[in-house]
Amino acid sequence: MPTKTELLAPAGSLAMMRTAFAFGANAVYAGQPRYSLRVRNNEFSTLDALKEGIDEAHAQQKAFYVVSNISPHNAKLKTYLDDMAPVVALKPDALIMADPGLIDMIRDRFPDVPVHLSVQANTVNWASVRFWGKMGIKRVILSRELSLDEVAEIRQQCPEMELEVFVHGALCIAYSGRCLLSGYFNHRDPNQGTCTNSCRWDYKLKPDNEAEATPGMTGSNFPPMVVEEAKRPGELMPIEEDEHGTYILNSRDLRAIEHVQRLIEIGVDSLKIEGRTKSPYYVARTCQAYRRAIDDAQAGRGFNPLLIGELEGLANRGYTDGFYQRHHDSDTQNYLRGYSESGRSQYVGNAEWDSERNALRVIVKNRFAVGDWLEVIHPAGNRILQVKALEGRKLEPVDVASGDGHIVWLKDAEWSADCDGAFLARLHDVPNEEMIAASISATAATQPRI
């Protein structure tokens, strides 16, 4: 078992990186747009930004990994090593790579740079892990398509290799990102970093009235199908469907927090959160929840199912634990459903202490009102507080913070300077005394650690 399991968070910007570290991440990963699979919403397009991130991480004894996991065409090979030389000079803790040719080039030119094998390489067995170890790879990021038992077997067969797995974030409809859907529809290739998440668009499936039905595998007649995307009315694209369904529609999002203890027991070195194009709030919420799950597991405490509910407030397309566990027992099904429903919340704003007004300034992201209960999400711990009064820009009382773009102030004594830098989330349901007491207890418990 690793003495310290790494919590690895996404960083599409310096703000995300700083938030991740504040909420318990041990490491972040970021990449240059030209050579990673995140061209959009990527602040690390310059060497100055990369240097600032790497330097800040190292000053906090944290790790910063640079993603270079593109599957390049010939043109990018000509510039790759020259472009990477100044990046390597910044001393990132590792390069995350997928293409064997690029890996070979890096190993020849920069033999001392640690290389982690990207999930894009789709490593699904211990023989492949062993092969990559012989090639000088330090860590293998295993494919998302593995079960817990398969991960355990790989660890047993390859005890010397560092292993990393994903525990949270978007899932692809193809093997870990090797999807052609976006490239097919709008010529933006996911394997070149420009995925438009076409699998998540709003599709309607309908029969192709111009084609005749054909016998299905079960004896029923399945007519040929076409798919229509909501923003492209009239553009009917043919697609096949059988008795199992159709295969281009989007997957649920991965949430495997209930498996953290088992993954640590197996000996996985790093637990990874997906989402470099997401918000700092997303990073805060996921890092805080998974940090607690890791700390509980390593301290011998059982899994706290309330953590499931804390993740429910994030924008998601429904959650799944992916391929980790094929069949859930009744107890697992009960707490997965019950706690996710009871813990739902919505991100409503960022809190900043206003010393001139002696009040908490809220930059509003979503609507909330007087009487609502908010969770204060802070690196020092969370609290549940009620909104009893709001003020507007001219000190006038207001009943509602209308939404994105508005600013309001919280004046009650309990909304103190201790809330500075917090994210605020509105609870969907009125909390009971047990929930409020638990939030206060959790805050006290986390203060010494952060």
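Here the structure is a predicted model, which means the values were calculated and not measured.

(A) Just the overall build of the protein, in detail. Looking only at helices and strands, the protein has 12 helices and 25 strands in total. Counting the 450 residues in the protein, one finds 51% classified as buried. Considering only residue pairs separated by 6 or more positions, the protein has 67% of its internal contacts joining residues 24 or more positions apart. Summed over all atoms, the accessible surface of the protein reaches about 21,100 Å², with 49% contributed by carbon and sulfur.

(B) Representation of the packing of aromatic side chains. Under the definition given, this model contains seven aromatic pairs. Taken together, a centroid distance of 5.0 Å and an interplanar angle of 85° make the contact between Y35 and Y80 edge-to-face. A residue pair is termed long-range when its members are at least 10 positions apart, and Y35 in the loop between β2 (27-31) and α2 (47-59) and Y80 in helix α3 (residues 74-89) qualify at 45 residues. Here Y35 matches Y80 in class, with each residue buried.

(C) Seen up close, the packing of helix α1 (residues 14-22) against helix α9 (residues 280-298). At their nearest, the axes of α1 and α9 sit 9 Å apart, and the two run at 20° to each other. With respect to each other, α1 and α9 are oriented roughly parallel. For the pair α1 and α9, the sense of crossing is right-handed. Facing α1, whose interface residues are A15, M16, T19 and A20, α9 presents P280, V283, A284 and C287. Partitioned by chemical class, the residues of the contact of α1 with α9 number seven nonpolar, one polar and no charged.

(D) Representation of the sheet that holds strand β20 (residues 383-386). An order of β20-β19-β25-β16-β17-β24-β21-β22 is seen for the eight strands of this open sheet, with the pairing classed as antiparallel. A single partner strand is all that each edge strand has here, and the edge strands are β20 and β22 (397-398). Across the face of the sheet, α9 comes into contact with β16 (345-354), β19 (373-377) and β25 (423-427) while running at roughly 75° to β25.

(E) Broad picture of α2. Its 13 residues give α2 an end-to-end C-alpha distance of 18 Å, which sits within 8% of 18 Å, the value for a rise of 1.5 Å per residue. Along α2, the positions that sit buried rather than exposed are A49, L50, G53, I54 and A57. Down the axis of α2, the smallest arc covering the buried residues is 125°, so these residues share one side. For α2, the exposed residues lying more than 90 degrees away from the buried face are D48 and A59. Contacts made by the buried residues of α2 are with α1, β3 (63-68) and α3. Q61, located one to two residues past α2, shows a positive phi value of around 60°.

Parameters and conventions
- Residues numbered from 1 in each chain as written.
- Predicted model: local features only at pLDDT ≥ 70, side-chain atom pairs only at ≥ 80, totals over all residues.
- Heavy atoms only, no water.
- Helix = DSSP H or I, 4+ residues; strand = E, 2+ residues; numbered from the N terminus.
- Buried < 20%, exposed > 50% of the residue type's maximum accessible area, 1.4 Å probe, protein only.
- Contact = heavy atoms within 4.5 Å.
- Areas by Shrake-Rupley, 256 points an atom, 1.4 Å probe, with all protein chains shown as cover.
- Phe/Tyr/Trp six-rings, centres within 6.5 Å; stacked < 30°, edge-to-face > 60°.
- Axes fitted to C-alpha atoms, helices over the stretch in contact; angles between N-to-C directions.
- Parallel < 35°, antiparallel > 145°, perpendicular 65-115°, else oblique.
- Left-handed = near helix turned anticlockwise from the far one by under 90°.
- Nonpolar A, V, L, I, M, F, W, Y, C, P; charged D, E, K, R; others polar.
- Pairing = 2+ DSSP bridges.
- Expected span 1.5 Å × (residues − 1).
- Arc of directions from axis to C-beta.

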